[in-house]
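# Analysis of the macromolecular model
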2 protein chains.
Amino acid sequence: MADAYAAAGVDIAAATRAKELMAAAVRATHGPAVLAGMGAFGGCFDLEVAAPGATGILVASTDGVGTKTLVATAMGRYDSVGQDLVNHCVNDILVQGATPLFFLDYVAAARLEPDHVAAIVGGVATACQALGCALLGGETAEMPDVYAPSGFDLAGTLVGIVTREAMLPRPDIAPGDVVLALPSTGLHTNGYSLARRIVAQAGASYHDRPAILGGPSLGEALLAVHRCYLTEVQVLRQAVTLKGLAHITGGGVFDNLPRALPAGMGATLTRGSWPIPPIFRYLVEQGQLQEQEAYHALNMGLGMLAIIAPDAVTAALAACPEACLVGAVRATAGVELCD
Amino acid sequence: MADAYAAAGVDIAAATRAKELMAAAVRATHGPAVLAGMGAFGGCFDLEVAAPGATGILVASTDGVGTKTLVATAMGRYDSVGQDLVNHCVNDILVQGATPLFFLDYVAAARLEPDHVAAIVGGVATACQALGCALLGGETAEMPDVYAPSGFDLAGTLVGIVTREAMLPRPDIAPGDVVLALPSTGLHTNGYSLARRIVAQAGASYHDRPAILGGPSLGEALLAVHRCYLTEVQVLRQAVTLKGLAHITGGGVFDNLPRALPAGMGATLTRGSWPIPPIFRYLVEQGQLQEQEAYHALNMGLGMLAIIAPDAVTAALAACPEACLVGAVRATAGVELCD
């Protein structure tokens, strides 16, 4: 049986098997707003059912999980990167004030291993279901010669909705406003090329359990799931007027906090005022990273920053005890760490 | 100057340069419905401005352009794959009856070459602008070790809108209905792993100009832009009742036409009733492809199929002279080619 397509390195049957394996997990995310099942050319989402009377603003974000996929491959664990991806995208639209409606994923590799794809998309579906967000569609692609043999990529797009009144950041952010931090679980989805290089140069294995990590292996600490701050942000918004949010991703706190601030303003953050997960201490020590480069490449424990008025601090910390008061907005540009 | 991140193979400055280069092209796609510029965490699209009073259904599709990116790299031409991607996604939501609202792109490679990224995203923006679709956001990712050195991937997500009444396919598709074809320009975004293997096995270069192509080089014929059928579909919908559409992508006419038909129905298509671009004849000859495998892996000239009632044929062909009457719906499953 000649099968020219399989000979060219594209296994359509494998893709079909992967789709069957993940179909149930995907369907579990489908509330009444989802009209079409898998297999349609496009996913259909009834906005009137999801948000009756909505005259809202759609907020959309596309992201990937970067080379965290290589750690997942090395550890043989494929579900958590799916959760990482969804949570990353949710945090990005939270910053605009929006809440999630639906998600679409994209998985590509030189060759698709159906079990792996099913685990990846299963993780995407798990995270979507936990948030009440529909996994509306997606695409899997086998691309021999584009991808390295053991690599895979995972990206996705989230669409959410917000009313004009609820949009963030608010225009009244001012010097003297307070910066709260919601702690990160680890690197989230950022800095993995650097982290992998440091681990490799240290001659370490992802299965090593350095004492500094206090239990988990390097691979486990690096695969810690990107935390979703939907609940915390909802709690904070009910308790106080939230003026702005910054999701600390690529470029670290230096690049991301200013995106939430009016032009020309900056912030001062006080060292030691938030917990830094041990994996960061490991990377800074082993990689001999300067503070500036560590905070540029990594979130260093600052998962999401929230900006509130000084008189809202007590109520905010009462509503969300995990939040840390880490600094203040200032009238000059730039983000500075101080003692 | 130590820069740990650059040493790890991630050039943030290069990514920044690429963003500046493409910013103008992206902004040109932004109509009054787009609220936030580039640099925000998520793109904001005011549905009330775009579709006042809309109580519609959002239709979303994620797709990639597959290994067509490798032909683009070989030819040093990066803009057309951006157009391919948008047009592919638009055709996918047309099948649901929807029209495009906004698009987000994802470009990833082992290393981002700013000029190439700018050309790719410029192509995405060109296609979006031609369709009145906002390029709302996107992501670029440098992923050393995930991608092969010369490979890049390009995927994207389109969100469109449709009223419940205008959704396709309609439930009244019946045996005896007519199948029209809107011709393709070439492979569109499907079958490139097979095509590249055939070209390699033939010992041909993408710069060769085989007589069978009638002028263009192999690379030019393979990079022909994925045709967008928005205009033709709008013309057909104004002229007649369009019952269903099938975008012929991965799996060819055999897998895609049935997705537009009620369960159990199939179709018979008459060989020779539509034009087959020369690139398909080249691939079939050089690859010694059987008819079944050619039509499974490639669109073979059938870009988009439309299903209408027999009494609508005259009006449809008058409105859209390029359409070809290629077959009919039948009561038994499967798609068959006949003489």
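Residues numbered from 1 in each chain as written. Chains lettered and ligands numbered in written order. Predicted model: local features only at pLDDT ≥ 70, side-chain atom pairs only at ≥ 80, totals over all residues.

### Some thoughts on the overall build of chain A
- Across its full length, chain A carries 13 helices and 11 strands.
- The globule rule puts the C-alpha radius of gyration for 339 residues at 20 Å, and the 21 Å found for chain A is close to it.
- For chain A, the C-alpha atoms occupy an extent of roughly 75 × 60 × 35 Å along the three principal directions.
- Taken over 339 residues, chain A has a buried fraction of 57%.
- The long-range share in chain A, meaning contacts at least 24 apart out of those at least 6 apart in sequence, stands at 84%. (Helix = DSSP H or I, 4+ residues; strand = E, 2+ residues; numbered from the N terminus. Rg over C-alpha atoms; globule rule 2.2 N^0.38 Å. Buried ≥ 20, exposed ≤ 12 C-beta atoms within 10 Å, placed from the backbone. Contact = placed C-beta atoms within 7 Å.)

### So, the pairing of strand 2 (residues 57-64) of chain A
- Here strand 2 of chain A lies mainly inside the structure; eight of its eight residues are buried.
- In strand 2 of chain A, alternate side chains face the same way, and those of I57, V59, S61 and D63 of chain A on one face and L58, A60, T62 and G64 of chain A on the other are all buried.

### Describing the sheet that holds strand 9 (residues 302-308) of chain B
Residue and element names in this part refer to chain B.
- Here we have six strands laid out as an open sheet, ordered 7-9-6-10-8-11, and mixed in their pairing. If you trace the sheet from one side to the other, it starts and ends with strand 7 (244-247) and strand 11 (334-338), each paired once. Sheet twist, expressed as the mean angle between neighbouring strand axes with direction ignored, is 25°.
- Sheet topology places strand 8 (residues 266-270) next to strand 10 (residues 324-330); four bridges connect them, and they run antiparallel. Of the residues in strand 10, the one forming a bridge with G266 is R330. (Pairing = 2+ DSSP bridges. Axes fitted to C-alpha atoms, helices over the stretch in contact; angles between N-to-C directions.)

### Focus: the confidence of the model for chain A
- On average, residues of chain A carry a pLDDT of 92, and 94% of them reach 70 or more.
- Across the interfaces of the predicted complex, the ipTM metric reaches 0.91, alongside a pTM of 0.93. (pLDDT = per-residue confidence, 0-100.)

### Observations concerning the sheet that holds strand 4 (residues 134-142) of chain B
- Pairing is mixed across the open sheet formed by five strands, whose spatial order is 1(A)-2(B)-5(B)-3(B)-4(B). Of all the strands in the sheet, just strand 1 (43-46) of chain A together with strand 4 of chain B have a single pairing partner and so form its edges. Strand-to-strand twist of the sheet, defined as the mean angle between neighbouring strand axes without regard to direction, takes the value 15°.
- Relative to strand 5 (residues 152-162) of chain B, strand 3 (residues 99-109) of chain B is paired through 10 bridges, and the arrangement is antiparallel. Note on strand 5 of chain B: the bridge partner recorded for V107 of chain B is L154 of chain B.
- Contacting strand 2 (57-64), strand 3 and strand 5 of chain B, helix 5 (residues 79-94) of chain B runs over the sheet at an angle of about 35° to strand 5 of chain B.

### Focus on the relation of the copies chain B and chain A
- Expressed as a screw transformation, the operator carrying chain B onto chain A has a rotation angle of 180° and an axial translation of 0.0 Å, and the superposed copies differ by an RMSD of 0.0 Å. Viewed as a symmetry operation, the transformation between the two copies matches a two-fold axis.
- Comparing contact sets, 100% of the residues at the interface of chain B also lie at the interface in chain A, consistent with an isologous, same-surface contact. (Least-squares fit on C-alpha atoms with pLDDT ≥ 70 in both.)

### What to know about the interface of chain B and chain A
- Opposite the 70 residues of chain B that make contact, chain A presents 70 residues.
- Element by element, the count of residues in the side of chain B that touches chain A is highest for strand 2 of chain B, at eight residues.
- Residue composition of the side of chain B that touches chain A, by class: 36 nonpolar, 23 polar and 11 charged.
- Where strand 2 of chain A and strand 1 (residues 43-46) of chain B come together, four bridges link them in antiparallel fashion. Residue pairing across strands places V59 of chain A opposite C44 of chain B, the latter belonging to strand 1 of chain B. (Nonpolar A, V, L, I, M, F, W, Y, C, P; charged D, E, K, R; others polar.)

### Concerning the nonpolar core
- Of all hydrophobic cores here, the largest spans 235 residues; its most connected members are F45, L245 and L305 of chain A together with F45, L245 and L305 of chain B.
- In contact with L305 of chain B, other than residues within four places in its own chain, are V179, L180, A181, L245, A246, I248 and L257 of chain B. (Core = buried A, V, L, I, M, F, W, Y, C linked by C-beta atoms within 7 Å.)

### Re unusual backbone geometry
All names here are of chain A.
- Cis geometry marks the peptide bond from L168 to P169, where omega comes out at -5°.
- Position of P169 relative to the elements: it lies in the loop between strand 5 (152-162) and strand 6 (178-183).
- Within the chain, Q288 stands out as a residue other than glycine whose phi angle is a positive 45°.
- If you trace the backbone, Q288 turns up in the loop between helix 11 (278-287) and helix 12 (291-297).

### Some words on the UniProt feature "domain: PurM-like C-terminal" (unreviewed entry) in chain A
- When the UniProt feature table is mapped onto this chain numbering, "domain: PurM-like C-terminal" (unreviewed entry) sits at residues 175-335 of chain A.
- Between the first and last C-alpha atoms of residues 175-335 of chain A the distance is 13 Å; the span itself is 34% helix and 19% strand. (UniProt positions renumbered as here; feature names shortened; annotations may be inferred.)

### Here's the deal with the domain arrangement of chain A
All names here are of chain A.
- Segmentation of chain A into domains returns domain 1 (4-166) and domain 2 (178-338).
- For domain 1 and domain 2, the distance between their C-alpha centres works out to 25 Å.
- On the side of domain 2, 22 residues touch domain 1, which itself brings 21 residues to the contact.
- Of all elements in the fold, only helix 4 (68-75) and helix 5 (80-94) reach the threshold of two or more residues within the side of domain 1 that touches domain 2.
- Counting residues per element, the side of domain 1 that touches domain 2 draws most heavily on helix 5, at nine residues.
- Across the side of domain 1 that touches domain 2, the residue classes break down as 10 nonpolar, seven polar and four charged. (Domains from an automatic or database assignment.)

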